[in-house]
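Coordinate inspection notes
Chain by chain, the residues run as shown.
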Amino acid sequence: GTYAVYSQEDDPYDASRLLLRADLRRAIDHRDITLYYQPQVALATGEVTGMEALARWRHRERGWIPPADFIPVAERMGLIKPLTQYLVELAGKDAMAIAKTGVDLPVAVNVSMRNLLDPHFPEMMEEVIARTGQPAELLKLEITESAVMAEPGRVLETMKRLRSGGIRF
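In short, a report on the structure. Since the model is a prediction, treat every value here as computed from it, not as a measurement.

**Digging into the overall build of the chain**
Along the chain, the regular secondary structure elements total 7 helices and 5 strands. Helices and strands in the chain line up, N terminus first, as α-β-β-β-α-α-β-α-α-β-α-α. Taking the principal axes of the C-alpha coordinates as reference, the chain spans close to 60 × 40 × 35 Å. By residue count, 38% of the 169 residues in the chain fall in the buried class.

**Examining the side chain of Q40**
Looking at the secondary structure, you find Q40 in strand β1 (residues 33–41). Discounting chain neighbours no more than four positions away, the residues touching Q40 are E47, V48, T49, G50, M51, E52, A108, K140 and E142.

**Re helix α7 (residues 152–164)**
In a regular helix each residue adds 1.5 Å, so 13 residues correspond to 18 Å; α7 covers 18 Å between its end C-alpha atoms and thus fits that length. Buried residues of α7: V155, T158, M159 and L162, and no others. The arc that holds every buried residue of α7, seen down its axis, measures 100°, which confines them to one face. Exposed and facing more than 90 degrees away from the buried side of α7 are G153, K160 and S164. Trailing α7 by a residue or two, G166 shows a phi angle of about 100°, which is positive.

Basis of the calculations
Residues numbered from 1 in each chain as written. Predicted model: local features only at pLDDT ≥ 70, side-chain atom pairs only at ≥ 80, totals over all residues. Heavy atoms only, no water. Helix = DSSP H or I, 4+ residues; strand = E, 2+ residues; numbered from the N terminus. Buried < 20%, exposed > 50% of the residue type's maximum accessible area, 1.4 Å probe, protein only. Contact = heavy atoms within 4.5 Å. Expected span 1.5 Å × (residues − 1). Arc of directions from axis to C-beta.

Written out as structure tokens, the structure reads:
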């Protein structure tokens, strides 16, 4: 006696999920996902201390698709690595463009627990930093406590490797 309860969100063969996955792959390949920047401000002084990169996807037929809808699909369907690589690279290029105006601000990018469990993630970040020319000290990766708690040993090792390369959290 065991049983399972069907859940549409766990069904990898759900037609709408398969379509969204194909559309997401195409959006990554065609650079259709953009970044909006939210300033990070020190409350005591009002000084802008950095900016957070927020992924936004305007689907050509469905309109705006919120990150809460496409990030889990990217995680489940194996697209989080190319999506993260693309978004960190885009954030780095934007940060370098802003730096040309004389403003050096750290850019924070949210990363998935799956990124932190990937043993090749630190090398991927090093390659992206080299391509964009963005100083590693100006890249901040934002993670949730739940990501660290999922597999603390592996996640902390990845964080240590990233930190040794100058990346902040």
